[in-house]
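So you can see what is in the structure, the chains are spelled out below.
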Amino acid sequence: MTMNNQGRPTRAGDVMTTQTETFTGNKALQIEEALIFETGDFDGTGVDLPEPEGKADRLGGLKRESRIGLPGLSEPETMRHYVRLSQKNYAIDMGPFPLGSCTMKHNPRLNEKLARLPGFADLHPLAPQSAVQGALELIDELAFWLKELTGMPAVAMSPKAGAHGELCGMMAIKAALEARGEIATRIRVLAPESAHGTNPATAVQCGFKVENIPADKTGRVDLAALKEKLGDDVAAIMVTNPNTCGLFERDIRAIADAVHEAGGYFYCDGANFNAIAAKVRPGDLGVDAMHINLHKTFSTPHGGGGPGSGPTVLSEALAPFAPAPFVVRDNGTYHLIESRRAAKAEGEAAASIGRLTAFHGQMGMFVRALAYMLSHGKDGVRQAAEDAVLNANYVLARLKAEMTPAFDGYCMHEALFDDRFLKDTGVETVDFAKAMIDEGYHPMTMYFPLVVHGAMLIEPTESESKGELDQFCDALLSLAKRARAGEADHFRAAPVHAPRRRLDETAAARKPVLRWTPPAAQ
Ligand SMILES: *Cc1c(COP(=O)(O)O)cnc(C)c1O
């Protein structure tokens, strides 16, 4: 088989040495897909444009003389190429996606249909405000429900992902400290060791020093240890609730009180809001700022399927520092306040941190998230949260038979296991996950959170039926039994049925080969 400079097969081979090798490189319906530049050639293009006649060349001698190397394929070839590419990725539309922390839930088609309405999909971001009143109203209505669900007085709609929402919240905290004249002294941000990597990254980005809050043996924040770390140099704490071990922080009110007493702010990472939506209002817990991942809690497609969106709710204390743009309603007309100066004149967010994004945020995601909320209703959003927790506990209860839960007791929306059940088997978490691929499952989140050895974090969400969960659990139980029966070789070889085996992901990330070189130039 001939390889290109990226190490990918380009042409069929002629010597098959093993039973699983094929002449084409294809394995049944898994088609080896060469780059479009390798299969096509420009003369083979399906489009013939007539030479323009009687038109003077106005390029002033700058006309390109050589070809620029565009690929050329017929229409069916082009279509097949892209359809096959679209099938290379695993997707929530193909099967369960148990990635803990990522909340891969079903994206209802109703939401997709609404987002594609021309009145939303075809808007130009620079259209005059008078022409997009409906879109502004939708942003305002979604903002209303986010404030209602969280019990918070203000929300910044423009952040484009969870991490961006964290930046928004921490910048507001920084601005509030500046206004208090304490920015030079309050330099520490406390975060649990189990925190998502974006938390410390955001704090550092904002110029703070991050310190770990230890966990107690139940996997939650150690309140006494936290209190010891508090002082007048603490700017904020960043705590996820439910936390990244899938557990509700029972002391959350006491944590908030202690931080406020010490003069700090409480940033809550709301990525796990899907477990408590319409059950718990973060505003009642003493939260000052919290991002909501619309793409997790409210089902808007993410990962390969769409962009994120991270509206950030703010407390009374932080609302004056909210970023532009935001929507205000005045006598039935919606206005977009787009700058710090306009915000000041409006008297709302009078000390705004300024613009956080170009334009208004992820409009398509706003439409989908509002459609999700309104089609579920209050009771439906609550039931989605309850079903997500029920499903995770079902998985926990069934897998307990062969696998080792990291902590005792019930979980919230995700079930966390460690690798004790693999002890002395020669199988590691990564091998176990790769063997799941052969069984047709996308692996769960591995090695996160860092506080649990060989962590395996499973989040079924409310999307999965009992039948689907049972098959998933049966597959994992069977793998756990095989690992313990001494079949380490099976696991170390996995995946054997996938088109590629184990990739060197570190090398791929550190030394990506992004440029294809034509064979003649190699
Ligand atoms: C997903 C996630 C984030 C980051 O959100 P993005 O939208 O991916 O930027 C932060 N914290 C936790 C706990 C998460 O699960």
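Structure report, in brief. Remember, predicted model here, so these are calculated numbers, not experimental data.

With that settled, the discussion passes to the pattern of salt bridges. Taken as a whole and judged by the stated rule, the model has 24 salt bridges. The salt bridge partner of Glu338 is Arg355, with a shortest N-O separation of 2.7 Å. Of this pair, Glu338 sits in the loop between β11 (333–337) and α11 (340–346) while Arg355 sits in the loop between α11 and α12 (363–399), and the two are 17 residues apart along the sequence. Judged by its relative accessible area of 32%, Glu338 falls in the partly exposed class. Among the ionic pairs, Glu505 bridges to Lys434, the shortest N-O distance being 3.6 Å. On the criterion of sequence distance, the pair formed by Glu505 in helix α16 (residues 505–510) and Lys434 in helix α13 (residues 429–438) is long-range, its members being 71 residues apart. In this structure Glu505 comes out as exposed when scored by relative accessible area, which is 53%. You can call Lys434 buried: its relative accessible area is 14%.

Moving on, we get to the packing of aromatic side chains. If you walk through the whole model with that rule in mind, you get 7 aromatic pairs. Ring centres of Phe432 and Phe491 lie 6.2 Å apart, and the angle between their planes is 5°; this geometry places the pair in the stacked category. In this pair, Phe432 is assigned in helix α13 and Phe491 in helix α15 (residues 488–493), connecting sequence segments 59 residues apart. On the basis of relative accessible area, Phe432 is assigned to the buried category, the value being 0%. Among the aromatic residues, ring-to-ring pairing joins Phe421, Phe432 and Phe491 into one connected group.

This next bit is on the pairing of β11. Bridge analysis of strand β10 (residues 326–330) against β11 gives 5 bridges, and the strand direction is antiparallel. Looking across to β11, one finds that Val327 is bridged to Leu336. Connecting β10 to the antiparallel partner β11 that follows it, the hairpin turn spans 2 residues, and Asn331 within it adopts a positive phi of roughly 50°.

What follows concerns the site of the ligand. Taken together, Ser101, Ala161, Gly162, Ala163, Glu166, His196, Thr198, Asp269, Ala271, Asn293, His295 and Lys296 make up the full set of residues near the ligand. Here Gly162 contributes a backbone N or O atom positioned 2.7 Å from an oxygen atom of the ligand. One nitrogen or oxygen atom from the main chain of Ala163 is found 2.8 Å from an oxygen atom belonging to the ligand. Protein contacts shield 86% of the accessible area of the ligand, which totals 380 Å² for the unbound molecule.

On to the side chain of Ser352. For Ser352, the position within the fold is in the loop between α11 and α12. In this structure the side chain of Ser352 is engaged in a polar contact, spanning 2.8 Å, whose partner is the backbone oxygen of Ala322. Excluding its chain neighbours within four sequence positions, the residues that come into contact with Ser352 are Pro320, Phe321, Ala322, Pro323, Ala324, Arg340 and Ala343.

Procedures and definitions
- Residues numbered from 1 in each chain as written.
- Predicted model: local features only at pLDDT ≥ 70, side-chain atom pairs only at ≥ 80, totals over all residues.
- Heavy atoms only, no water.
- Salt bridge = Lys/Arg side-chain N within 4 Å of Asp/Glu carboxyl O.
- Helix = DSSP H or I, 4+ residues; strand = E, 2+ residues; numbered from the N terminus.
- Buried < 20%, exposed > 50% of the residue type's maximum accessible area, 1.4 Å probe, protein only.
- Phe/Tyr/Trp six-rings, centres within 6.5 Å; stacked < 30°, edge-to-face > 60°.
- Pairing = 2+ DSSP bridges.
- Near = heavy atom within 4 Å.
- Polar contact = N/O pair within 3.5 Å; in protein donor to acceptor, adjacent residues only side chain to side chain.
- Areas by Shrake-Rupley, 256 points an atom, 1.4 Å probe, with all protein chains shown as cover.
- Contact = heavy atoms within 4.5 Å.

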